[in-house]
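# Remarks on the overall topology
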Amino acid sequence: MLRQFYKYLVAGSCTVLIATSSCKKIDEFGNTNIDPGKTTSPVTSALLTNVLSTLSYYTWDAGNGAGINTVSGLYCQYFSETQYTDISVFNKEKADWNFYYAANLNSSGNNFYTNNGPLFDLKTIIDQNTDATTKATAALNGSNANQIAIARILKVYIFSTLTDIFGDLPYSKALAGDNGVTPYDKQQAIYTDMFKELTEAVAQFDGGATVKGDILFGGSVASWKTFANSIHLLLGLRLSKVDAATGQKEVQAAIAGGVIGAGGSIQMDYPGGSYLNPVYNYYDVTKRFDYAVSKTMTDWLSSHGDPRIITYGTSSIGFPFGLSRDNAVAFANANTKYAQLLKGQGQAQDDPFIILSSGEIFLARAEAAQRGWTGEDPVAMYQTGIQESWKLWKQSVNDTDRVSLLKFSDSAFNVYMGSPNISLSSGDVLGKICTQEWVTHYPAGPRGWSDWRRTGYPTLAAGTGAVNSQIPRRIAYGTNEYSYNPSNVATAGAQYVGSNGEKDSNYGRIWWDVQ
Amino acid sequence: MRKFLSLLAVLSMLCLTVTAQTRIPVKGKVLDELGQPVSFASVRVKGEKQGVSADADGNFTIRIVKGAIIQINAVGYASTEMVADGGDLSFRMKRTGQALSEVVVSTAFGVKKSERTTPYSAQVVKSEALNLIPQTSLSDALAGKVAGVQFRSQSPSKLNATAAARIRGGLMLSGDVSPIYVVDGTIISNDVSKDGTTQPNDGAYDIDPSNVETVTILKGANATALFGSKAINGAIVITTKKGYGGKSAVQLNQGVILDKVTHLMHLQNRYAGGANNYLTTYHYKAGDPDSWKSLDGVGFPDYTDDSSWGPEMLGQTYAPWYAWVPGTQYSGKSAKLVGQPNNVKDFWNTGLTSNTNVNFSKSGQGYSTRLSYSKQWIRGLIPNSSSDRNILTSSTTIDINKVVTAGVDFTYNTQLLSGDYSDGYANQTSGNFGQWNHRDLDMKLMKSLRGLKTPIGTLASWNWFHNPDGYDASQPSSFFTGNYWYNFYAYQDNIENQTRRDRFYGDAYIKVNVLDGLSIKGTVRKDQYNYWLENKVHSLLETSGSQTGQLASYRTEQRNQNDMNYELIATYNHNFFKDLAVSLLAGGNTETYNRKQLGANTNQGLNIADYFDISNSKSQPSVTSSRVNSRTNSVFASGEFEYKRFLSLTGAVRQDWSSTLPASDNKLLYPAAGFSFVPTELVKNLPSWLSFGKLYGSWGRKPLTLDVYATNLPYSLSQYQWNSNLLMSTPGSVPAPGLKGALITSYEAGVDMRFVQNRFGLTVNYYNETSASQPVQISVGSTGGYTAKVINAATVKRQGFEFAATAGIMRTKDFTWNVTATVGWLMKNPVTKIVPGTDRIQPSNWIGSFGTHYASAYQALGKDWGQLIGGGYTRGANNLPEIDPTTGLYITGNANYDWGSIVPKVTGGIQNLFTYKNFVVNASLDYQFGGRFFSLTESWGMYSGDIDYTAANNDRGKSVRDPLTNGGGVHVKGVSSVDGKTPIDTYVDGFTYFHQFYGAQIAEPFVHKLSFVKLREVSLGYNLPVKKWGFSSKIVQSATVSVVARNLWLIYSASRNFDPSEISDVYGENGQLPATRSLGVNLSFTF
C-alpha cells in the first residue's frame, strides 16, 4: 500500500511539473516579450501634436530652471533673475540640447524637459510619410506631402533657434538613429539648407487631405506657408552683418512668398488642464519667482511712454539686471511688487501664448527696407509694426481697465509715433527700427538676443554684480556632447574663443555675428 | 521542457519498480553529541566498498539487507557503527580532539557541498557572527564580515534602507548590480520597492536575520553558473534555521536599540541667517498688525534668504521670526541673537528599534519543524516616521515514509512604513540643514511652535516670504508664507506617507529516494510581492508656502508581482571502488515572472482642501500602469568526482531559453569547471602544525540576458490629450539590431590553509573576471535621435585578491580570544570597451542634481569602473589654480577633471570574539580605503554660509567675512589666468569667495575620499548561570543578556562632514540624512 502511495505521489508531482511547463516547446514564448502597454507603430498626427505642444518653449522655456531660450531672454535683458543671479552675472553658461534632438528615457507627462525630442519626432513623421511600407497608413492623417512640408518647416524653426544660440550644430548628419557621434555642420551651411528647406516645403504642399493633429493651424496650408515665409524673412535678415547679398535675396524671396500680415500674429491656444500656458505653469504650478521683467526693459518703455509696459509685466517696477545675490534679495524685499512676466501669477491657464507676432514681421520688413534690400517703405512698415504690436498687447489688457486701454488708443499711438525718440523723421533711423525690433520681440528671448547681437541695439550694459564685463554672445556646448561626441564638439568649440583664450567660450562669435 | 520532464518522470517510475527487491531502504541521521547534524558523513554497509554520503543535514537513505552493520565515518569524529534492523537509525558521533568539522557551502537549488571539494571562494558566515547585535537588515549585518564585498550602508533615519552590497567592484557598464539573495534555494527578487522607487539590494530587506543559520557568499561565474542569469554579480546564499536534534525548544529574544544622530556637519555658529550682514530696523507703519507695534525700532535679520550671511551673533537684541506672529508668549517680543550650536542635533528624535523574536522548534522521528515570529517596531529619527514589521517564518519537513520526504519553507513579511524620510537635494525632511539654513534658529522653540499659524491661517515659517518692512496690509500672504521652507516639524505634521508591503516567499517540495544515493526532488518556489502606497500633502502646506514647491496632493500606487519556479532535480551520490566519491545532479526549471503596477496622482493641487482622492485632482490626474512578463526555461547538470578525499574535479553546465532574448536566438549555454587538491589528505607525514591545506582553481561562465522588452521599439501615448488630439513621442531608447545575450567569464584560484590544530587559518583567493559584449542600455549622444541605446558593447574587467584569516589567539579555560579578519583588494577594474567614438558614458542613475555643474560618476574608456568626473580647478603653471587677476576669483573650472574611481581599492573588517567565563564580547571593525565621493551638501553649505569655513578667521586673524580693508577676506593663491603663470597672492571678500564655486562650476573642494575605519558593532553578553538556579533551570535552558552598540566609533574618516560608510548615492551625497550611533540591550532565553 505504501508503495502504491508513493507511486501516485511521484507520478502526481511529475504531472504537475509537466502541466506547468505549459505544453509548449522549451524555446517558444509567443508574445511574452511584447509590451502590452505600448505599440510599435508610430501615429504621425500624434507625433505632430507632441511637437507642437512644445512650440512656446522655443521662445520661453523656464520650468525646470532656465532653458536656453530663457537664458537668451536674460542676455538681451528682457528678464532679470530675482534670487539666484548666476546667469545674469555672466557665469559660464553651457547647455545640453538632449530634449531637442531626442526623447528622454521615460517619456511621459507633458514637461518639455522630461519628454520630447521634437526634432526626431519630425524626422519620424517625414520617414513614415516617405517610406513605401508606411506612407499609406501615414496618409490617414493627412496627405503625405502636407505632413512632410509641415515637418520640414518645424524642423527649420527649431534648428534655427539652436544654431543662433550655439553656432555650428550636428545638422545634416544628425537624427540618423545612430550613437550620436555626429559631425557638426558649419552654421553657414545650416543657413543655406534652412533657406532651401523652407522654399521647398512651401512648394511641397499639395491639395491633399488636411493634416490631423495640427493644434496650431488646424491643418491650414495657407497659414503654414505664411509661417514658413515669415521665419524665412527673419533668418534672411539675420545675415545683415555677414552676407548682406544673400540676406537680401532671401528676404525678398520670403516677402514675395507672403509673410504674416496685419492681425496675423501666430499664437498657441492652450486648452488648460494638462497643457498650460507656460507663464501660468511657471508661477502658479511650479511656484517659483526666479524671473522678473528687467529694469532695462521697463526703463526703456517708461522713458518712451510706451504702453506695452502695462502688459509686459505685472507692474512697472523692473528688476535691475545682473545684481549679486545679496543685492537681488535686498531688492526683492524692498520691492515686493516688482514686475512678474506678462500677467505673472494672474495668468490664466488657458491664456494663449504668442509664437510669432505680426509686429515683429513688419519691423523686420522696415529694417530690410531701410537697408535698401527691398523697395518697401521703411516708415510705413515701422509704423504698422508698432501699431500691430500695440494692438496685440492691448488684447491682454482687462476690458474694465479703461485707464490702460486709453494708453493704447489711436491718439496715444500718434503721440508716441511723433515723439523724437520714436519718429523716423530724424536721427539714427536704423537704430530706432532695430530698437523697436528688440522691444517687439519680447518675450521671445532668442529673437531679441539675436537681433541685439546682429544690430547692437539697444545699448546694453552688464549689471553691478557681473563677473564678466561683456555680455555673452553664445552659449557653450553642453557636457553631454563632451561625453558622447567628444572630437566633433572639440572641433566645433575650438572656433569660439573668448578674449581670455578659453575655447567654446560664451564670448566666441557665431558665423553671422561678425565684429 | 516537457520532453525533458517526462523523461525524468519515466526514469523515476522505472527506478521505483526496479528497486526494493532484495534490500530494504533505511533512513538515518548523523548527529553530534549536542544533537546538531554532522554533514557529509560517509555511510557504508560494513564489508562493502560502495556506500552513500549523508547530506549536509546529516540525513541519508541506504538500502540494506536486514541485520547489516552500518558504519559511519566523518572528519573530526570517531568512527561509529550500528546494526540496522529495518527501522530508522540515529547515530551520535563523538568529536575527536581539535579537528574541525566540515564547513558546509550552500550552492544553487539548496544543494550543499563540502568545503573540501569547493573550487572557488565561498565564505561562510554563521549565525553567531551575523547576529552580534539585533539587526533589521541582513546586508547591514554582513557589513565588514565578507572579504571583497563593499557594503554601502545608509543612514538609519532613512527607514529600513538596505545597505547595498558591491561584490568585487563593478562589472556592468550600467552601474551597480545587486547580488541575488537566495533563501533555501529560492531566489528572492531584488526588483521590489518600498516607496515606489527601486533601491539596490532590496531583496535582502525581506530576510529576517534572526532566522538565518548560515550565509554563503559566492562571487564569480565559476561559483554561480547554476544560479542562472539573475546572479550577474554574485549570490548571497542563505540557509535558514531548522528544528533539529530530536528536541523541542523555545527561544525568545528581545532587543531594544536607541539611535542618536552623530557625525553631523561642521557648521558655523558665528553669523545669523539672511543675505544681509546687518539687522534692519523695523518701523511700525499703519496697516501693520497691531502686535508689531512693540517691535518698532527693533532690528530684524533678513528672513527671506535661507542662507546664513547675516549679522554676527553677539547677543544683541533682535526680532526673531516667531515674534511677528500674534498669539504666543513670544509675540511682539525681541530676543537675544545668539548662536545655536546644537540646533541641528536637536531636530532629531532618539530613534527606537524594538526587535522581538520568538521561535519554536521541534524534531523527532520523521519530522522536523520550526516556527518563528519576529516583530520589529521602529520609531524613526525623523519626526512622525515609523515602521511596524511582522515576519512569520516556518520550515517543516516530514518523512512520509522511508523514501519520501516532503517539506515546506516560507516567510511572510508584512510592514507598514510611515513618514517622509526621503533624502536628496533640499529635501524638506531636513537633509537641508547643511545646505540652506539659518544658524540662529532655536530648534526646541521651533518644535514647540510646530502648529503656530499666522493671522491668515498659514503656517508660520522661519523663512518668511518677505521681510516685515515690506508688509502690505492688502496682501498679507506676501509676508505670512514660507519663502522656501516651513517650520520643519509643521512640514512633517502635514505630510502623510504610508506604504504597506506584503511579501511572501518560500518553497514546497517532495523528495523521493529512488535508489541508494539517487533521489528526485520536485520543488515549487514562489516569491510574491505586493505593495500599496499612499502619499498625502495637506492643503495647508500649499497655502503656507510661496516658493516651497508644495502643492496639495494625493498619490496612490499598487504593485503586484509574482515569480513562480517549478524545479525538478535528480541527484545521485555514490562511492565507487571505496575511494571515488561521485555526486551528480541533473534537472530542469521553468520560471514565470509577472509584475503589474498601477498608480495615480493628482495634478496641480486639490479642488477641495484635504479631500484626498484622485477624483479631487485640480487638473486631469496622472495614471500610470505597467505590465511586465517574462519566462525562462532551463536545464542543467553538475558533477563532482573526488578521489581519496584529496583530489576533486567538479563541473556544471546550464542552458537557458529566455523570453527576453530575440526569438531567433533565445538560448544561452554556460559551463563551469574546477579542481580542488587537498595535500593534507594525501601526505600522511606532514608537519603537525599544518592541519589542513587546499589548493583550488576554477573557471566558469554565466549569462547576461536582456531586460524585459529590451528588443522592442515601443511608442507610447501620452495619457493627456490636447483637446482630443493624441500625443505620442518617439521613444528615447532603441535596441541595436542583432541585440543578444552575452556571457561573463571568471577565473579563480587560491589556497586555503589551517594550522596548529585549526587554531589559525588563512585563505588567499585570486580572481580575474571579464564581462564582454554586455547587453546594456547606455546613454548615447542625443543628436542621433535617441538618448539611449541597448547594445552589446561594453567590456569591463576586474581582478583582485581576497584574504580571510582566522586566529584563536587565546585559548585558556576561562578566557578565549578569536579573531576573524578579511581583506579585499581590487587591483584593477577597467572599462576596456564602450561605445565606438565615445570615451565615456554616464549610467542614467548616476546623474546627480546639478550633476554637470559639479561632479558625477561616469564610465570612462580605459579607466577603472565608475570615475568621478567634474569641475576641477583650471590649473596653470606648477599645477596651481588659475585665478582671474582682476577679481581674485577662480576661472571657470575644468569640467573634465577626473578624480578617479568611486570604488574603494581595499575593503575589509576584523571581528574579535572574547569569552571570559560567562561573558562574551564581540567587536566588529571594518574599513575601506580609496574611492571618491562628491558632497553637494558641502557645496551649498559654502554658498549659503552655513558651513564653518565661511565663518573662520584668516591668517591675518580676522574673519573671512570682514571687509578686506579691515584685514578680512579669504587668502587666495594661484596663478594668473591671463598668462597661466604669474603668481597671484591676494585676499577675496568671503561672501564673493564662497559664492564663486557654483558659478565657476568647481567641485574640487567638495570631493573627498571614501576611506574610513569604523568600530561598527560591539556587544557585551553575559550568559546567566541558569544551571545554578535549581528549579528555574528546568524551565530555562540558557539565558543571555547583552549590551550592544552599533556605529560606536568612527575611528578614522577621510571626510570631515560625512561618514564615508553611509554615502547615499553612488557618486556622492545630495543632502543625505546624518549618520547615527546606536546603543541597546538584548535579552535572549532558550526554554
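The structure reproduced in this document is the subject of the present report.

## Examining the overall build of chain A
Each helix and strand counted, chain A has 22 helices and six strands in total. In terms of overall dimensions, chain A has a C-alpha envelope of 115 × 55 × 55 Å along the principal axes. Each of the 515 residues in chain A was classed as buried or not, and the buried ones make up 62%. Across chain A, the fraction of contacts at a sequence separation of at least 24, relative to all contacts at a separation of at least 6, is 72%. Accessible surface, chain A as shown: approximately 17900 Å² in total, 52% of it carbon and sulfur. Counting 40 positive and 45 negative side-chain charges, chain A places the averaged centre of each group 3 Å from the other.

## Quick look at the nonpolar core
By size, the foremost hydrophobic cluster in this structure holds 148 residues, and its most contacted members are Y100, Y101, L154, L162, F166, W224 and F227 of chain A. Apart from residues lying up to four places away in sequence, F227 of chain A is in contact with I153, L154, Y157, F217, I266 and L356 of chain A. Among the nonpolar cores identified, the runner-up in size contains 107 residues, and M265, F479, V831 and F934 of chain B belong to it.

## Overview of the packing of aromatic side chains
Ring pairs (aromatic) are described by centroid distance and by the angle formed between their planes. Tallied over the full model, the rule gives 101 aromatic pairs over all chains. Look at W309 of chain B and F991 of chain B: their rings are 5.1 Å apart centre to centre, the planes differ by 75 degrees, and that puts the pair in the edge-to-face class. One end of the pair, W309 of chain B, is in the loop between β19 (299–300) and β20 (317–318); the other, F991 of chain B, is in helix α11 (residues 990–1000), and 682 residues separate them in sequence. Between the aromatic rings of Y486 of chain B and Y491 of chain B, the centroid separation amounts to 6.2 Å while the plane-to-plane angle is 20 degrees, which identifies the pairing as stacked. With a relative accessible area of 4%, Y491 of chain B lands in the buried category. The ring centre of W449 of chain A lies 3.8 Å from the NZ or CZ of R453 of chain A, which sits over that ring.

## A word on the side chain of S160 of chain A
Looking at the secondary structure, you find S160 of chain A in helix α7 (residues 144–166). According to the relative accessible area criterion, S160 of chain A is buried, its value standing at 5%.

## Structural notes on a nonpolar patch on the surface
Residue and element names in this part refer to chain B. On the surface, V256, L258, Y916, F919, L1020, V1043 and V1081 cluster together into a nonpolar patch covering about 570 Å² of accessible area. Mapping L258 onto the fold places it in strand β17 (residues 248–261). Looking at L258, the relative accessible area reads 41%, which means it is partly exposed.

## Quick notes on the sheet that holds strand β45 (residues 855–860) of chain B
Residue and element names in this part refer to chain B. Across the sheet, which stays open at both edges, the four strands sit in the order β44-β45-β46-β48 with antiparallel pairing between neighbours. Lying at the two open borders of the sheet, with one neighbouring strand each, are β44 (840–841) and β48 (894–901). Relative to β48, strand β46 (residues 867–872) runs antiparallel, the two being bridged by five bridges. Among the inter-strand pairings, G872 is bridged to a residue of β48, identified as N894.

## Considering the interface of chain A and chain B
How large an interface is tends to be reported as the accessible area lost when its parts come together. Taken together, the contacts link 103 residues of chain A with 111 residues of chain B. A buried area of about 9200 Å², summed over both sides, lies between chain A and chain B, and 59% of it is on carbon and sulfur atoms. Of all residues in chain A, the largest losses of buried area upon contact with chain B belong to I26, N33 and Y484 of chain A, amounting jointly to 9% of the total for that side. Linking chain A to chain B there are three salt bridges. Of the charged contacts, one joins D306 of chain B and R325 of chain A as a salt bridge, the two residues approaching to 3.9 Å between their closest N and O atoms. Summed over the shared surface of chain A and chain B, the result is 35 residue pairs in polar contact (both at pLDDT 80 or more). Every element with two or more residues in the side of chain A that touches chain B is listed here: α1 (2–20), α2 (44–52), α4 (98–101), α5 (118–130), α11 (278–285), α14 (325–334) and α21 (479–484) of chain A. Looking at the side of chain A that touches chain B element by element, the count peaks at 13 residues for α1 of chain A. Residue classes in the side of chain A that touches chain B are distributed as 45 nonpolar, 35 polar and 23 charged.

## Topic: the sheet that holds strand β4 (residues 59–64) of chain B
All names here are of chain B. Strand order in the open sheet made by the three strands is β4-β1-β7, with mixed pairing throughout. Edge strands, defined here as strands with exactly one partner in the open sheet, are β4 and β7 (89–92). Across the sheet, the mean angle separating the axes of adjacent strands is 30 degrees when strand polarity is ignored.

Procedures and definitions
- Residues numbered from 1 in each chain as written.
- Chains lettered and ligands numbered in written order.
- Predicted model: local features only at pLDDT ≥ 70, side-chain atom pairs only at ≥ 80, totals over all residues.
- Heavy atoms only, no water.
- Helix = DSSP H or I, 4+ residues; strand = E, 2+ residues; numbered from the N terminus.
- Buried < 20%, exposed > 50% of the residue type's maximum accessible area, 1.4 Å probe, protein only.
- Contact = heavy atoms within 4.5 Å.
- Areas by Shrake-Rupley, 256 points an atom, 1.4 Å probe, with all protein chains shown as cover.
- Lys, Arg positive; Asp, Glu negative; His and termini not counted.
- Charge placed at Lys NZ, Arg CZ, Asp CG, Glu CD.
- Core = buried A, V, L, I, M, F, W, Y, C linked by side-chain atoms within 4.5 Å.
- Phe/Tyr/Trp six-rings, centres within 6.5 Å; stacked < 30°, edge-to-face > 60°.
- Lys NZ or Arg CZ within 6 Å of the ring centre and 35° of its normal.
- Patch = residues over 30% accessible without salt bridge, like charges linked within 9 Å, V, L, I, M, F, W, Y side chains within 5 Å.
- Salt bridge = Lys/Arg side-chain N within 4 Å of Asp/Glu carboxyl O.
- Pairing = 2+ DSSP bridges.
- Buried area = accessible area lost by both parts, 1.4 Å probe.
- Polar contact = N/O pair within 3.5 Å; in protein donor to acceptor, adjacent residues only side chain to side chain.
- Nonpolar A, V, L, I, M, F, W, Y, C, P; charged D, E, K, R; others polar.
- Axes fitted to C-alpha atoms, helices over the stretch in contact; angles between N-to-C directions.

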